[in-house]
Structure formats: C-alpha cells, structure tokens
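What follows is the residue order along each chain.
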Amino acid sequence: MIKLDPNLCKGCSICTEFCPKGVYEDSKTPDKKGVYVPIPKNQEKCTKCNLCALMCPDQAIKVDENDE
Amino acid sequence: MEEANESPFMKYMRKDRLPHIFCAGCGNGIVLNTFFKGMEMAEVDFDNVVMVSGIGCSSRIPGYVKCDSLHTTHGRPISFASGLKLGNPELDVVVFSGDGDAAAIGGNHLIHGARRNMDLTVICINNSIYGMTGGQISPTSPQGSYGTTAPYGAFERPFDLAELVSAAGASYVARWTTAHALQLSNSIKKALENKGFSFVEVISQCPTYYGRKNKMRSPLDMMRWMKENSINKRKADTMDSEELAGKLVVGEFVNKAEREFSQELYDLVEEKYGKKSDAIKSAYRDD
Ligand SMILES: Cc1ncc(C[n+]2csc(CCOP(=O)(O)OP(=O)(O)O)c2C)c(N)n1
Ligand code: SF4
Ligand code: SF4
Ligand code: SF4
C-alpha cells in the first residue's frame, strides 16, 4: 500500500513526474484546501524503490514494504 | 520509531511543526530527505548530529529536525559550526546554508572553512536567488537570469561554488541537483564520512521567485530544466567552455584525505602540555 498524507501534501506532482513506474496520476479535483493530491493508481506496478518518498519535499509519502 | 503510515523520514522530524513553511515543490524538503538518507547510509548516530544554519528559507531546515541545532545570523553558520566543532570534536556538525548565506554575506567564512579543512559537512542549497527576501539576485544567479534586482537580467558573472570551494582547499566537494536524489544522498554519505571540510552543493528549485521570474513557473519545469541540462563532471572535463555554456556540471569534484584542523589542534595541545585536553564537556562535570 502507498499512502499519501493529505495534511502534508502540497500537490507539487514531483511524485507523479519522478516515479519510474508511472504509479501516480495527478488528481483532477482539488481537496478541501485546494490541493491536488496525486493518486497512487497503478500500485501493482510499484517496485517499492522508495524514490517517491525520497523526493517528496513534504514527507507525505509512505510506501509499505511488507505487503503482498 | 517508524509508524506504519508515515514517511520513512518522519522519525527524525518535529512533527508538531509540520507542514513546513516551504512553498509547494520547493527543493529544501528534498535536500532534507537526502540528508537523512545519507546519514543512514554513513551510519552516523542521529543523536550525535548538530545542525547549524544561517538565515534564509534553506536555513530554516534545522528547525524541523529533532536534533540539537543552532539557527544563527546571516552568513555566519560556518563560524558558529567551527566553534562547536573545536569545543567538542566528537560531534557530527552539519551546516545548512543557501547560496546567499554561504556565498554572498558568508563567502569569506566559506573559503576559510575550506582552507582550514575543519571537519564540517556543509550542504549548500543553491537556488540561484534570495528566496526568503523576495527574489533578489545572488552571487550564483546565472548571467542573463531575472530577479527583482535584475529586471534586465543579471550581468555579473556567477561564482561556480563547487570549483571555488575546491580551490580553497576542501577535502570533499560534490555537486548535484534535486533531480538527482540518489546520487545526492550518496555524496552526503561520503561528505559525512570524510574527516575534513566537506561541501555538497545542491542546485535546487525556488519556483516561487526564480521559477516565476525565469519562465519556469512550476517545480516540475525547474526540475526538468535541471535534469536536461546537467552533465557529469567526467564528461564535462572533456568539453570546452562553449559547449558547457548553460550546463550544470554535476558529480564529485574532490575526494582526498587531508590533515584535519580540529585533530591537529588537539594533537598540538597534547604535545605542548603533555596531556590530552580535558575541556570537552567540562561544564557538565562535578567539581
Ligand atoms: C545581516 C543581514 N543582512 C541581510 C538580511 C536579509 N536576508 C535574509 S535572508 C537573505 C538571503 C537569503 O538567501 P539564501 O541564503 O540564498 O537563502 P534562500 O532563502 O534562497 O533559501 C537576506 C539577504 C539579514 N537577515 N541579515
Ligand atoms: S511529491 Fe509529495 S507533496 Fe508533492 S504531490 Fe507528491 S505527495 Fe504531494
Ligand atoms: S516506490 Fe518507486 S515504483 Fe513505487 S510508487 Fe514510489 S517511486 Fe514509484
Ligand atoms: S520562496 Fe523559494 S526558496 Fe523560499 S520556500 Fe518558497 S520556493 Fe523555497
């Protein structure tokens, strides 16, 4: 599971741009704060490389290493 | 402790202060993560780390980290860090500084820190502009780039910080961009391991001022520009200045073991007084 913390994400889309597997998609609808929090839509493609967590400037991403 | 739903770096952070004040997509947060990763790779004890910074957006980084820190005056973090290191050479002293902080008002401290080769790790977040004060041109702003103080484009030649600090005598120097997070983490690891003055320059994005003034409005525009225009040092060494115009040279510039200042000084004390200095943490001792 990939979790994005909506309280921390500022919607910069760096995760969408830099994930080598295209896991994230930009959201088309803003949340209550007006932030476009990306959606980890293609999680089955994730290799758990953790690059997204390393590059998220707001420490908003957790990639769970222990699941299926 | 790492919690199930949190970023792997959250355990080092002062959670109650988040979200941090940096603009969306600012490079400061990426550099912070790469520092944590480099620290883990170097197996540095987090409790032994002291972060020192000056003034600027980038200099606010230590305030979000759960370690001892000093937020000092503009341009002076290397001086405070030098005092700290000499007071207790066992500490891992890390300086976070911006290009304005390190190269403009603090330029002299930077070159003399390097000249002395004191065991400090200086991470300079170079966003080519003064972010905190509203987008003034800095000593690293590229020629022709726009800022609030350069409505017709900067006409001064910028410093090449990695080259400057190499020439001044640092024993580890590297430069990467925020689009090279893995390489950057690895250089921070080596910088922490090096017993001497280590300088890691990070070309970073200030989308709010540099980006907006220079037709790269979004953080992604800026990071694509960095990725597309960076060239590894090994390749750059075979190219001439014309071919290198507008390019960002990244990689390792210096990595050589050299005599280190605080060790030299403590050795001298021992030699002259016939015993080891007992000044370290002396204030904590019973009398
Ligand atoms: C002695 C002094 N002079 C000027 C200032 C105003 N000032 C605050 S931050 C700053 C520049 C910051 O630029 P930089 O170090 O590149 O950091 P950034 O905000 O871009 O991360 C200046 C000039 C100050 N605080 N103190
Ligand atoms: S990189 Fe982080 S802050 Fe930026 S959009 Fe992705 S989760 Fe949000
Ligand atoms: S861990 Fe790697 S593959 Fe998985 S979402 Fe993050 S960047 Fe993409
Ligand atoms: S003004 Fe620039 S450097 Fe400062 S937080 Fe915003 S993007 Fe970052």
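Since the model is a prediction, treat every value here as computed from it, not as a measurement. Per-chain numbering applies: the sequence of each chain, read as written, is numbered from 1 onward. Key to labels: chains lettered from A, ligands numbered from 1, both in the order written. Where local features are concerned, this predicted model is filtered to residues with pLDDT of at least 70; where side-chain atom pairs are given and counted, the filter is 80 or more; whole-chain, interface and lining totals use all residues. The side-chain values count all of the structure's non-hydrogen atoms but skip hydrogen atoms and water molecules.

The subject of this paragraph is the overall build of chain A. Helix numbers and strand numbers start at the N terminus; a helix is a DSSP run of H or I with at least 4 residues, a strand a run of E with at least 2. Summing up its helical and strand segments, chain A has 2 helices and 4 strands in all. Ordered by position from N to C terminus, the α and β elements of chain A give β-α-β-β-α-β. Principal-axis analysis of the C-alpha atoms gives chain A an extent of 30 × 20 × 20 Å. Each residue is assigned to one of three classes by its accessible area relative to the maximum for its type, calculated with a 1.4 Å probe on protein chains only: buried under 20%, partly exposed between the two thresholds, exposed over 50%. In chain A, which comprises 68 residues, the share counted as buried stands at 50%. The contact criterion used throughout is that any non-hydrogen atoms of two residues lie within 4.5 Å. Across chain A, contacts joining residues at least 24 apart in sequence account for 51% of those joining residues at least 6 apart. A total of about 3600 Å² of accessible surface is found on chain A, and carbon and sulfur atoms cover 52% of it. In these tables, accessible area is a Shrake-Rupley quantity obtained with a 1.4 Å probe, and a residue counts as shielded only by the protein chains included in the view.

Around ligand 2 lies a shell formed by Leu 4, Cys 9, Lys 10, Gly 11, Cys 12, Ser 13, Cys 15, Pro 38, Cys 56, Pro 57, Asp 58 and Ile 61 of chain A. When residues are sorted by character, Ala, Val, Leu, Ile, Met, Phe, Trp, Tyr, Cys and Pro go into the nonpolar class, Asp, Glu, Lys and Arg into the charged class, and all the rest, Gly among them, into the polar class. Across the shell around ligand 2, the residue classes tally to 8 nonpolar, 2 polar and 2 charged. Any residue with a heavy atom positioned within 4 Å of a molecule or strand is treated as near that molecule or strand.

Turning our eyes to something else, we now look at the packing of helix α4 (residues 107-116) of chain B against helix α5 (residues 161-168) of chain B. Residues and elements named next belong to chain B. Here, axes are lines fitted to C-alpha atoms. For helices the fit covers the stretch in contact, and angles between N-to-C directions go from 0 to 180 degrees. Here α4 crosses α5 at 45°, and the two axes come no closer than 7 Å. In terms of axis orientation, α4 runs oblique to α5. In contact with Leu 110, Ile 111, Ala 114 and Arg 115 of α4, α5 contributes Leu 164, Val 165 and Ala 168. Tallied by class, the residues present in the contact of α4 with α5 amount to 6 nonpolar, no polar and 1 charged. Convention used here: angles under 35 degrees read as roughly parallel, angles over 145 as roughly antiparallel, angles from 65 to 115 as roughly perpendicular, and any remaining angle as oblique.

Attention now goes to the interface of chain A and chain B. Counting from both sides, the interface comprises 19 residues of chain A and, opposite them, 36 residues of chain B. At the boundary of chain A with chain B, total buried surface from both sides reaches about 2100 Å², with 64% on carbon and sulfur atoms. Summed over both partners, the accessible area lost on bringing two parts together, with a 1.4 Å probe, is the buried area. When the buried area of chain A at its contact with chain B is split by residue, Lys 10, Leu 54 and Gln 59 of chain A rank highest and sum to 34% of it. One speaks of a salt bridge when a side-chain nitrogen belonging to Lys or Arg is within 4 Å of a carboxyl oxygen belonging to Asp or Glu. In this assembly, chain A and chain B are joined by 1 salt bridge. The closest approach of N and O atoms between Glu 17 of chain A and Arg 224 of chain B, which form a salt bridge, is 2.7 Å. Elements with a contribution of two residues or more to the side of chain A that touches chain B: α1 (14-18), α2 (51-55) and β4 (61-63) of chain A.

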